[in-house]
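Coordinate inspection notes
What follows is the residue order along each chain.
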Amino acid sequence: MAEPTSGDSEAQGYRPDPQRNRTVAKKRWSGKYCCVPLCKNSSMSNDERERLGLSRLSFLSFPETSSKLCKIWLRNIRRAHFVPGKNSFVCQEHFVEEDFKPGSFAPGARPKLQPAAAPRLFSWNNFKLPASRPPPKIRLSEETAGSVKISDDQEQGEDVDEVEQLKSELSRLQEKDLEQQKEIASLQSEIQDRSR
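From a predicted model like this one, the values you see are computed outputs, not experimental measurements. (Residues numbered from 1 in each chain as written. Predicted model: local features only at pLDDT ≥ 70, side-chain atom pairs only at ≥ 80, totals over all residues. Heavy atoms only, no water.)

A separate point is the overall build of the protein chain. When helices and strands are tallied, the protein chain shows five helices and four strands. The order of α-helices and β-strands along the protein chain, N terminus first, is α-β-β-α-β-α-β-α-α. When each of the 196 residues of the protein chain is scored for burial, the buried share is 24%. Sequence separation of 24 or more characterises 48% of the internal contacts of the protein chain that already satisfy a separation of 6 or more. Carbon and sulfur atoms make up 51% of the accessible area of the protein chain, which totals about 15700 Å². (Helix = DSSP H or I, 4+ residues; strand = E, 2+ residues; numbered from the N terminus. Buried < 20%, exposed > 50% of the residue type's maximum accessible area, 1.4 Å probe, protein only. Contact = heavy atoms within 4.5 Å. Areas by Shrake-Rupley, 256 points an atom, 1.4 Å probe, with all protein chains shown as cover.)

Our focus in this paragraph is the layout of surface pockets. In this structure, the second largest pocket spans a volume of roughly 300 Å³. What lines the second largest pocket is a set of 19 residues, among which Phe59, Leu60, Ser61, Arg110 and Pro111 lie closest to the centre. Those elements that place two or more of their residues in the lining of the second largest pocket are β3 (59-61) and α3 (68-76). Of all the elements, β3 adds the most residues to the lining of the second largest pocket, at three residues. (1 Å grid on protein atoms, 1.4 Å probe; cavity = no way out; pocket = protein on both sides within 12 Å on 5 of 7 lines; lining within 4 Å. Points joined across faces, edges and corners; volume = space filled by probe spheres on them.)

For the protein chain, the mean per-residue pLDDT works out to 77, and 72% of the residues sit at or above 70. Of all secondary-structure elements in the protein chain, the lowest mean pLDDT belongs to helix α1 (residues 6-11), at 50, while strand β4 (residues 89-91) reaches the highest, 93. (pLDDT = per-residue confidence, 0-100.)

Moving on: the side chain of Gln92. Assignment of secondary structure puts Gln92 in the loop between β4 and α4 (142-147). Of note is the side chain of Gln92, whose polar atom sits 3.0 Å from the backbone nitrogen of Ser58. With residues near it in sequence (within four places) discarded, Gln92 still touches Arg56, Leu57, Ser58, Leu60, Phe100, Phe105 and Pro111. (Polar contact = N/O pair within 3.5 Å; in protein donor to acceptor, adjacent residues only side chain to side chain.)

This paragraph deals with the nonpolar core. Ranked by internal contacts, the top residues of the largest apolar core, which has 23 residues, are Phe62, Trp73 and Val90. Of all the elements in the fold, those that place two or more residues in this core are β3, α3 and β4. Broken down by element, this core gets its largest block of residues, four residues, from α3. With near-sequence residues (within four places) excluded, Trp73 lies in contact with Leu60, Ser61, Phe62, Pro63, Val90, Phe95, Leu113, Ala117, Ala118 and Pro119. (Core = buried A, V, L, I, M, F, W, Y, C linked by side-chain atoms within 4.5 Å.)

Attention now goes to unusual backbone geometry. Of note in the backbone geometry, Arg78 takes a positive phi value of approximately 60 degrees without being a glycine. Checked against the element boundaries, Arg78 lands in the loop between α3 and β4. Arg78 sits in the exposed class, given a relative accessible area of 56%.

This paragraph deals with the environment of Pro63. In this fold, Pro63 is placed in the loop between β3 and α3. Pro63 gets classed as buried once you look at its relative accessible area, which sits at 19%. The residues contacting Pro63, other than those within four sequence positions of it, are Leu69, Cys70 and Trp73.

Laid out in structure tokens, this is it:
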């Protein structure tokens, strides 16, 4: 079989080795890439980041593949059928600052994750955590809901007003209850009078 010429070998990923008179495979760049879909970060981009005055990116290895945490990572990065290997990494841009151990961003320090940290920031959530849910609204019984008017845009700072409204509603219902008890007593006495 004929050995490729030097022009052909360079295009195919080979380079000539003049000392041994043979063709040797080129050594490829072995950097780190983020395996999160739509993320283009790699350790090659760190040089560009330094030129722009930004800090270098760290690339974090996956937890042990049989662990629950690894399954959480795979679910979060939306790669359920991906099997991470020793060269599978997620860049630090997908973690919040609280996910890192204290002192991780000191000069010269290599960032280390907290034991239960998982990637949560992605392009599909605009690199933001979902907003926390607002507290549940106070639900009133049907009878009191008609008489107490609470607007939907009411803020927590108006709790004092709500308490006052509820107190007045309670006293109104107690008065109504007292009137009904008097009416019941009156009807009972009338029944007794008629039955004699």
